[in-house]
Amino acid sequence: MSTDLAIVPAPVSVEAASGTWFTLEGSTRILAAPGSAEAATAGEQLATVLRRSTGYPLPVSAGPPATRAGAISLELTGDDRLGDEGYELVVTGESATLRANRPAGLFMGAQTLRQLLPPAIEGTTVQPGSWRLPGGRIVDHPRFAWRGAMLDVARHFFTVAEVKRFIDLIALYKLNVLHLHLTDDQGWRIAIGSRPRLATHGGSTQVGGGPGGSYTQPQYAEIVGYARDRHVTVVPEIDVPGHTNAALASYSELSCDGRARELYTGMEVGLSSLCVDEPATWRFLDEVLGELAALTPGPYLHIGGDEVQTLSERQYGGFVERVQQLVGAHGKRAIGWQEIAKARLLPTTAAQWWDPRTGGDAIRAAVRQGTKLVLSPAPMTYLDMKYDEHTRLGLDWAGHVEVRDAYEWEPSTVLDGVGDADVLGVEAPLWSETLRSIADVERMTFPRLPGIAEVGWSPVAARGWEGFRRRLAAHGPRWSAMAVDYHRSPQVPWPDQPARRSGGAR
Ligand code: TNX
């Protein structure tokens, strides 16, 4: 392995054994350490990817390995130096061995192994190719526990199949949180049993007035399960007390004047609020958060809290303080956008920093009280910002965000008075006011998201723009092989050749 292997995010340590290769062949087997159903599951997942393009059978067996020769082995070792998500990958001329302490580590290591193979490995049909893994040893584990992407399914609705595709793509870059922005003024996207009109009426449109849509509870559970199989935790967001027009249109008792609002299909923000002092509002929140908590295995529920323009400070602070208690009563922790730092937060409540223009003092004060942050500074991580003035999709209120902007920032210094220990991790939000299809989503996500993934995963010593842009360039052909639409940023030295024709190792 040479140090310029195109692995994104960059691993903690890479030792090359130059000139050594392990070649996948028709006879290659995948071995899961004996007695470990979890290693066998990780082996099957890897085999599923590799079979499509190699056409090899790659049988997965869980028996004791008489020999590792000719095999990719996956082993759970109980070596807790690697933590929950770390792994070690050793490739010799005879074998490839992936070891981890926990199943998530095997999954992360398998993503690295994919990236060591030629781009055509990502093809969905059998490709010609010489399927060689470079020899050496990689030891790797993440810097931050929270490496997220947010998908706004409220402004435009995305189907279960589209969300699964998004999960596949973020998991390839070792992200482990999918924040689903499920409700906003323009749409309510999750069925609530006790409040059916939220989905049937509140979910019936979207920005621009299209048909909208919503997930049934079994569909939401399917998304959560699909994510969990890829070691991604879903953090669902019910955005309150603002961004609630779809709810106000569905149930008249949620508005202070008792009148149902019209559905909204524009792009303004800050136009709506629940009637925060009404008991009916709290019954509503109890039911919604209760049902959502029961459907969500992850520890966090996101309660929004952003851009409220119609409440007094007292009303807003009181609302946040009460809603976080309610989340706690349903067995979860609350996270909210940075504005919630104006309220007195529980030690378990986290805040998501997004707007560097305002609110710094309130955030610093909350951090001094122990609040942990997820960092999503808009000028670096907002995937809905245009790349440059020629970008067809997206907004530009936080400026243009090119690949280098998304990559070249440092979590421990980006916000004065906030250091590593205050940070849970990083997250890239993708708001969908202007995005109508999964191709639109992909074009805004790639190539920026891999940069943000590296900010969240890799140690500072492994990072650097020049190295990154060269590694990133090698992913263009991978995205082509997966039919992922991406922005061909002029900052990245993309190879000219399409992946499908390059075939062998590069
Ligand atoms: C601000 S970021 C919002 C969203 C918009 C987004 C557009 C945040 C917490 N609120 O409602 O969709 O800007 O970039």
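Please read all numbers here as calculations on a predicted model, not as lab measurements.

Caption draft 1: Focus on the site of the ligand. Near the ligand there are 14 residues, and of these R155, Y382, D384, W397 and E433 occur at the shortest range. Separating an oxygen atom of the ligand from a side-chain N or O atom of E433 is a distance of 2.6 Å. Isolated, the ligand exposes 370 Å² of accessible area, and the fraction of that covered by the protein chains is 98%. In the shell around the ligand, the residues fall into 8 nonpolar, 1 polar and 5 charged.

Caption draft 2: How the structure looks around the sheet that holds strand β15 (residues 350-353). Reading around the circumference, β8-β9-β12-β13-β14-β15-β16-β17 is the order of the 8 strands in this closed barrel, with parallel pairing throughout. When the angles between neighbouring strand axes are averaged without regard to direction, this sheet yields 30°. For strand β16 (residues 373-375) and strand β17 (residues 423-430), the ladder comprises 3 bridges, and the chain directions are parallel. Looking across to β17, one finds that V374 is bridged to G425. The strands touched by helix α7 (residues 279-295) are β12 (233-240) and β13 (300-304); relative to β12, the strand with the most contacts, the crossing angle is about 170°.

Caption draft 3: Main features of the state of the cysteines. Taken as a whole and assessed by the stated rule, the structure comprises 1 disulfide. One disulfide bridge connects C256 with C275, the sulfur atoms lying 2.0 Å from each other. Between C256 and C275 the sulfur-sulfur dihedral comes to about 100°; the bridge is accordingly right-handed. Here C275 lies in the loop between α6 (245-250) and α7 and C256 lies in the loop between α6 and α7, a separation of 19 residues in the sequence. Residue C256 is classed as exposed on the basis of its relative accessible area, which comes to 65%. By relative accessible area, which is 7% here, C275 ends up buried.

Cut-offs and rules
Sequence order as written defines the numbering, with residues in each chain counted from 1. Per-residue local features are limited, in this predicted model, to residues with pLDDT of at least 70; the limit for side-chain atom pairs, both in listing and counting, is 80 or more; totals at the level of whole chains, interfaces and linings are taken over all residues. By convention in this description, side-chain values take in all heavy atoms of the structure and omit both hydrogens and water. We define proximity as follows: a residue is near a molecule or strand when any one of its heavy atoms falls within 4 Å of that partner. Pairs of N or O atoms within 3.5 Å make up the polar contacts considered here, provided that, within protein, one atom can donate a hydrogen while the other can accept it, and that residues adjacent in sequence are counted only when both atoms are side-chain atoms. Here the accessible surface of atoms and residues is derived via Shrake-Rupley with a 1.4 Å probe, and residues count as covered only by protein chains that are part of the display. Ten residues, namely Ala, Val, Leu, Ile, Met, Phe, Trp, Tyr, Cys and Pro, are considered nonpolar, four, namely Asp, Glu, Lys and Arg, are considered charged, and the remaining ones, Gly among them, are considered polar. DSSP-based pairing: two strands are paired if at least 2 bridges between them are found. Helical segments are the DSSP runs of H or I of at least four residues, strand segments are the runs of E of at least two, and each set is numbered from the N terminus. Every axis in this analysis is a line fitted to C-alpha atoms, fitted for helices over the stretch in contact. Angles between the N-to-C directions lie between 0 and 180 degrees. We call two residues contacting when some pair of their heavy atoms lies within 4.5 Å. Two cysteine sulfur atoms form a disulfide, by the criterion used here, when they sit within 2.5 Å. Residue burial is assigned from relative accessible area. The probe radius is 1.4 Å, only protein chains are included, and a residue is buried under 20% of its type maximum, exposed over 50%, and partly exposed in between.

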